[in-house]
Amino acid sequence: MHRRPFALIGAAAALCCAVATGTAGASVRDARASTAPIYLDPGHSPAERAADLVGRLTLAEKAQQMNSSQAPAIPRLGVAAWGWWNEAAHGVARLQTNTNANPPILTNLTSYPVDLAMGSTWSPDLVHRAATEIGNEAREVAPNNTQDLDFYSPTVNLSRDPRWGRNDETWSEDPTLTAALAAQYVNGLQGQDENGRLPRSADGYVKALATLKHFAANNSEYNRRTGSSDMDERTLREYYTAQFRDIIRQSGPGSIMSSYNRVNGVPAAANVHLMDTLARQTYGFGGYFTSDCDAVYEIQAGHHWQPPGASAPLDQYGRTAYAITAGEDLDCNQGYHDAYNYGNTVPDTVAKHITTQTGVFTENDVDVSLVRLFTARIRTGEFDREDQVPWVREARARLAPGTWTNSDANNAVTETPQRLDLSRQAAEQSLVLLKNSAVAGAKESLLPLKVPSSGAYKVAVIGAYANPSSLYLGGYSSNQGAPGVAKEVNAYQGVKAAVQKINPAATVDYYPGVTGAALDTVDAASVAAAKDHDVVIVVAGTDAKTANEDSDRKTLTLPGAQSSMISQVAAANPRTVVYLETMGQVDLGDFRSQVPALLWSSYNGQRQGSALASVLLGDTDPSGRLPFSWYGDMNQLPAIGDYAIRPTSTSKGRTYMYFTGDVTYPFGYGLSYTRFSYSHLRVERSADANGTLHVTAEVTNHGDAGGTTVPQLYVSTPFEPAAKERPLKRLEAFQKVTVGSHRTERVRLTVPVSKLAFFDETSNRYVVDRGAYELRLGTSSGDADVAARASVEIDGTLRPSPSVVTAKPVQGGDAAQGIVQRVTFDKGATIDPQLTVSMKDESVYGYVTKGQSVPLPAGTWVSYRSDRPQVVRIDGGRVRAVGSGVATVTATVHSGGGSASTTFVVRVP
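Fair warning: this is a prediction, and the values are worked out from it, not measured in the lab. Position numbers for residues count from 1 along each chain, tracking the sequence in the order it is written. Where local features are concerned, this predicted model is filtered to residues with pLDDT of at least 70; where side-chain atom pairs are given and counted, the filter is 80 or more; whole-chain, interface and lining totals use all residues. Excluded from the side-chain calculation are hydrogens and water; included are all heavy atoms of the structure.

Considerations on the overall build of the protein
And step 1. Strands are runs of DSSP state E lasting at least 2 residues, helices are runs of H or I lasting at least 4, and numbering of each runs from the N terminus. When helices and strands are tallied, the protein shows 23 helices and 40 strands.
And step 2. Each radius of gyration reported is based on C-alpha atoms, and the globular scaling rule is 2.2 Å times the count of residues to the power 0.38. Taking 29 Å as the expected radius of gyration for a compact globule of 909 residues, we find that the protein reaches 28 Å, a close match to that expectation.
And step 3. A separation threshold of at least 6 residues defines the contact pool for the protein, and within that pool the share at least 24 residues apart is 75%.
And step 4. What sets the accessible areas is the Shrake-Rupley method with a 1.4 Å probe; for residues, cover comes only from the shown protein chains. About 30200 Å² of surface is accessible on the protein, with carbon and sulfur atoms providing 49% of the total.
And step 5. Here Asp and Glu are counted as negative and Lys and Arg as positive; His is not counted, and neither are the chain ends. To locate a charge, the coordinates of NZ of Lys, CZ of Arg, CG of Asp or CD of Glu are taken. Side-chain charges of the protein comprise 83 positive and 91 negative groups, with the mean position of each set lying 4 Å from the other. Should any heavy atoms of two residues lie within 4.5 Å, those residues are considered in contact.

In structure tokens, the structure reads:
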């Protein structure tokens, strides 16, 4: 596991029972004399440079740097303006070049399939390749190739309810699948390999910064800014934050966006438990937190939040103090805002000495946030010579600097053939074949279509979404002007080109199917024309008018008269294929039984038509698998504002893990054009809680053509009583594999046994149940799709060894003043690191937060090391500030036969 620390401040404990010390000799970096200030010296770490820079700012300057839109330039220090709010959900879409306004939408940038479509690919490698190109394109169009390189992407909230208005932004309903895919988005965007490491060629610089959003449990639009997502701690840990945890550990994202909503009554933007205890201290997040845009404002305006013990709801100063001390480093200050933000409230808030849930708000808290923010910027190479930053050199080699403009004058130059082809590949793999049967009287399934190489052959492509003047590409897309639209391929264009490539004499006709602004009238002429064609391809869908950010769906019915149109067309011509491109599940109504072939994807990018044609004609085996459960009836689901997922006396639960009702198609479902079998499932007979399961199986393709399938490994606990409320099954591993005709491939899957643990609220830690677990290898989560079973006996308990260490260093006298963290220390001060230690079972010890210290386990000891002993010296277990400068202190906690470390930066004026 790789986790590159972004910042430094974690948590520390005067409670540690023993300290071992060591001082490093002067580092090699010190030997490189430099006349440049520390913040401009690449010989220092990004965090050290950030601490030096922050120490040069006035309080007013610090405050203004904490606004997203924009952080202003500081000419006297050579600091450029920086817009934090940029977007790249499925392609670069917005750059914050405005001040005190929303970022402008960009024109003619490559648009890939949306997250939900990428989720149905079940291909982490493909996601990494697409995100790599998104990061490359970001560098090409960013101002000077060096600025505004933080992107508010990806959305990793889970698609737990099909009515949610932002389901197309999600990857799946499952934490394991979401983490596996979205971690590769982060890795690709930031320039890291698939193991989360920067390549040697990066010289330590990140390509861009990814932002996970929205933390946490922000899955309903009707109340997203004012509601409370209420649940027990087990649900919060096992479901709503599990994917954040895994992505943090797999890819080290640059930032996380807190959500608008309250979680169990506390606004996420001021929630110490979420941002500090969970994300930082338990999961090991080392970047910075940004609010959702004006979520800090909503603490006051939407939630009217009155913290426990406060005499009144918070005002503009109280919301600033509570948010920053909870860990909200950046105020995204546009959206629903009033006249106040971090930039114009922080100085007055400091002067008011407001006591928050963690202590007294002081300039020290501001410094901690600023160091996190500037550390991130420095890691992009912004402050270094441009010829030293590989990402800048490479971007300029691809596109001359200054030649890109945000208008059609750019001629869609960054929409290169290679990127458009990658968008097509992703779209091909996202297509899920839901149904493929034979037409009455025929022996073979309708798909793939068999187009004759010559002679008369007529294809009808029907539907308002089949041949639009420009494609709907999903939320947070760039605008496609004339040059971008010229590079799009819609369904009609794609099918026509592919069919006529096989048979130039073939006729491919387009008919609208429905008419009217609301698509509410079936076009009788289209239905009549369908009779006279050899095959009909109906394209139906949804778009932003169906639901979007701020609007949930109240029905899953296809908009307008599309459903009726499909039924009428199918009645007129039984050789009808239906392709649904939607924001998620839709009601299939009567037409599901009427049509022999049915495909689905979410919004599928600029080359969706080419991809559809490739699958329809059999050039590509359909390999998409559903990333969500396709529920049989929406009425089986609890209210969208109910955040429980386990079934109750009044609820059937949510997701494939817990849902006890009927589904039309199970999570993971998808058909192929060939026939696969899974066999010879093998696993150890027993394993320890701290071990790893090694699973092997064979996948055989029995067909006459090559194909791609996704073996999915689910685990259940049949030995546990119903009272334990364990899931029916959980996805623990999968692998997308291509197998040649009549060939067999062996797949190897690994599952750390610790992943099988459940959160125990009584002991506040994860516990592995002991007993015989069942492993199910199948083509979906459905019981009917289980191909092989095995069992393994699990015993033992999770070893309490350190996993994450964080620090909140303070100096003598701070406790009396309510100061709980700082970056700048007095010369001669003794430093108390206030360490927090999270064990592998996620139990937490040391200094957690105000009033929540927990002694370190017996036998635990701590060692410290300073990289610059002339600044910070380790003397007999004491950490002391002894000279001017900046230094990095490494604290290593040893316990239970293991160890883990953290670093924090000390600045001494």
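The rest of the description comes next.
Thoughts on the pattern of salt bridges
And step 1. Definition used for salt bridges: Asp or Glu carboxyl oxygen within 4 Å of a side-chain nitrogen of Lys or Arg. The final tally for this structure, using the stated rule, is 52 salt bridges.
And step 2. In this structure, Glu-140 engages Arg-419 in a salt bridge whose closest nitrogen and oxygen atoms are separated by 2.7 Å. Of the two residues, Glu-140 sits in helix H5 (residues 124-141) while Arg-419 sits in helix H15 (residues 417-430), which places them 279 residues apart along the sequence. Here Glu-140 and Arg-419 have matching classes, each one buried.
And step 3. A salt bridge links Asp-421 to Arg-424; the shortest N-O distance between them is 2.6 Å. Here Asp-421 and its partner Arg-424 are both found in helix H15, 3 residues apart, which amounts to about one turn of the helix.
And step 4. Residue burial is assigned from relative accessible area. The probe radius is 1.4 Å, only protein chains are included, and a residue is buried under 20% of its type maximum, exposed over 50%, and partly exposed in between. You can call Asp-421 partly exposed: its relative accessible area is 30%.

Regarding the environment of Asn-410
And step 1. By the element assignment, Asn-410 lies in the loop between helix H14 (390-398) and H15.
And step 2. C-alpha of Asn-410 to C-alpha of Asn-218: the two residues are 192 residues apart in sequence and 37 Å apart in space.
And step 3. One polar contact links Asn-410 to Asn-108, side chain to side chain, over a distance of 3.1 Å. Residues adjacent in sequence count toward polar contacts only when both atoms are side-chain atoms; beyond that, a polar contact is any pair of N or O atoms within 3.5 Å, and within protein one must be able to donate a hydrogen and the other to accept it.

Quick word on unusual backbone geometry
And step 1. Each neighbour pair has its own omega, and for Ser-153 with Pro-154 the value is 10 degrees, a cis peptide bond.
And step 2. Mapped onto the elements, Pro-154 comes out in the loop between strand E2 (150-151) and helix H6 (175-190).
And step 3. Omega for the peptide link from Lys-213 to His-214 comes to 0 degrees, which places this bond in the cis form.
And step 4. Take His-214: it is sitting in strand E3 (residues 209-215).
And step 5. For Asn-264, which is not glycine, the phi dihedral falls at a positive 50 degrees.
And step 6. Mapped onto the fold, Asn-264 is located in the loop between strand E6 (262-263) and strand E7 (266-267).

Brief notes about the nonpolar core
As a rule of thumb, nonpolar side chains are buried together in soluble globular proteins.
And step 1. Counting 131 residues, the largest nonpolar core has Phe-151, Val-346 and Phe-374 as its most contacted members.
And step 2. Here this core takes 9 residues from H6, the largest share from any one element.
And step 3. Ignoring anything within four residues of it in the chain, the contact list for Phe-374 reads Ala-50, Leu-53, Val-54, Leu-57, Gln-65, Val-79 and Phe-383.
And step 4. In this description, a nonpolar core means a group of buried Ala, Val, Leu, Ile, Met, Phe, Trp, Tyr and Cys residues linked to one another through side-chain atoms lying within 4.5 Å. Residues Val-451, Ala-460, Val-495 and Ala-570 belong to the second largest nonpolar core, which totals 62 residues.

A few points about empty space enclosed by the protein
One simple way to see leftover space: roll a probe sized like a water molecule over the atoms.
And step 1. Cavity: a set of points on a 1 Å grid over the protein atoms alone where a 1.4 Å probe fits but cannot get out. Pocket: an open set with protein on both sides within 12 Å along at least five of seven lines, its lining residues, like those of a cavity, having an atom within 4 Å of a point. Grid points are joined across faces, edges and corners, and a volume is the space filled by probe spheres set on the points. The final tally for this structure, using the stated rule, is 7 cavities of 30 Å³ or more.
And step 2. For the largest cavity, the calculated volume is near 110 Å³.
And step 3. Taken together, 15 residues line the largest cavity, and the ones lying closest to its centre are Asp-276, Thr-325, Thr-358, Lys-808 and Gln-821.
And step 4. Contributions of two or more residues to the lining of the largest cavity are made by helix H9 (272-282), helix H11 (316-326) and helix H13 (363-379).
And step 5. Looking at the lining of the largest cavity, the element that brings in the most residues is H11, giving 3 residues.
And step 6. Among the residues making up the lining of the largest cavity, the classes are represented as 6 nonpolar, 5 polar and 4 charged. Asp, Glu, Lys and Arg are counted as charged, while Ala, Val, Leu, Ile, Met, Phe, Trp, Tyr, Cys and Pro are counted as nonpolar; the rest, among them Gly, fall into the polar class.

Here we look at the sheet that holds strand E32 (residues 810-811)
And step 1. Here, any two strands with at least 2 DSSP bridges between them count as paired. As summarised here, the arrangement of the 4 strands in space is E32-E33-E38-E37, forming an open sheet in which the pairing is antiparallel. Across the chains shown, the open sheet's two edge strands, defined by having one partner strand only, are E32 and strand E37 (872-875).
And step 2. Bridge count for E37 against strand E38 (residues 878-881) is 4 bridges, and the pairing is antiparallel. Residue pairing in the sheet places Ile-874 in a bridge with Val-879 of E38.

So, the pairing of strand E16 (residues 597-601)
Two faces, one strand: in a regular strand the side chains alternate between the faces of the sheet.
And step 1. The buried fraction of E16 amounts to 5 of the 5 residues, a majority that puts the element mostly inside the structure.
And step 2. Of the two faces of E16, both are covered, the one formed by Ala-597, Leu-599 and Ser-601 as well as the one formed by Leu-598 and Trp-600.
And step 3. Across 4 bridges, strand E9 (residues 432-436) lies against E16 in antiparallel orientation. Counted as the bridge partner of Asn-436 is Ala-597 from E16.
And step 4. Note: strand E15 (residues 576-581) against E16, 5 bridges, orientation parallel. Residue Val-578 lies in a different strand from E16, and its bridge partner there is Leu-598.

Remarks on the packing of H11 against helix H12 (residues 342-352)
And step 1. Helix axes are fitted to C-alpha atoms over the stretch in contact, other axes to C-alpha atoms as well, and angles between N-to-C directions run from 0 to 180 degrees. For the pair H11 and H12, interaxial distance at closest approach is 9 Å and the crossing angle is 90 degrees. Of the possible angle classes, the one that applies to H11 and H12 is roughly perpendicular. Residues Gln-316, Tyr-317, Thr-320, Ala-321, Ala-323 and Ile-324 of H11 touch H12, and the partners they reach there are Tyr-342, Thr-345, Val-346, Asp-348, Thr-349 and Lys-352.
And step 2. Looking at the contact of H11 with H12 residue by residue, the classes come out as 6 nonpolar, 4 polar and 2 charged. If an angle is under 35 degrees, it is roughly parallel; if it is over 145, roughly antiparallel; if it lies from 65 to 115, roughly perpendicular; otherwise it is oblique.

Section: the environment of Gln-562
And step 1. Within the fold, Gln-562 resides in helix H19 (residues 562-572).
And step 2. Residues Gln-562 and Asp-421, 141 residues apart in the sequence, show an inter-C-alpha distance of 31 Å.
And step 3. Among all residues touching Gln-562, those that are not within four sequence positions of it are Tyr-465, Val-514, Leu-519, Ala-540 and Gly-541.
And step 4. Among the polar contacts made by the side chain of Gln-562, one reaches the main-chain carbonyl oxygen of Gly-541 at a distance of 2.9 Å.

Structural notes on a negative patch on the surface
And step 1. The residues that make up patches have over 30% relative accessible area and no salt bridge, and they are joined within 9 Å when like-charged or within 5 Å when they are Val, Leu, Ile, Met, Phe, Trp or Tyr. A cluster of like negative charges, contributed by Asp-587, Asp-590, Asp-633 and Asp-662, occupies part of the molecular surface.
And step 2. Within the fold, Asp-633 resides in the loop between strand E17 (630-631) and helix H22 (655-658).
And step 3. Given a relative accessible area of 38%, Asp-633 falls into the partly exposed group.

Points about the environment of Ser-228
And step 1. Within the secondary structure, Ser-228 is located in strand E4 (residues 228-229).
And step 2. Sequence separation between Ser-228 and Arg-682 is 454 residues; the distance between their C-alpha atoms is 45 Å.
And step 3. If we ignore the near neighbours within four places in the chain, the residues touching Ser-228 are Arg-262, Val-263, Asn-264 and Gly-265.
And step 4. Polar side-chain contacts of Ser-228 include one of 2.6 Å to the side chain of Asp-230.
And step 5. Within the structure, Ser-228 has its side chain in polar contact with the backbone nitrogen of Gly-265 (distance 3.0 Å).

Side note on helix H2 (residues 46-54)
And step 1. Judged by how many residues are buried, H2 sits mostly within the fold: 8 of 9 residues are covered.
And step 2. Those residues of H2 not exposed but buried are Ala-47, Glu-48, Arg-49, Ala-50, Ala-51, Asp-52, Leu-53 and Val-54.

Focus on the sheet that holds E3
And step 1. Taken in spatial order, the 4 strands of this open sheet run E2-E3-E5-E8, and their pairing is parallel. On the outer flanks of this sheet lie E2 and strand E8 (288-291), each paired with one strand and no other.

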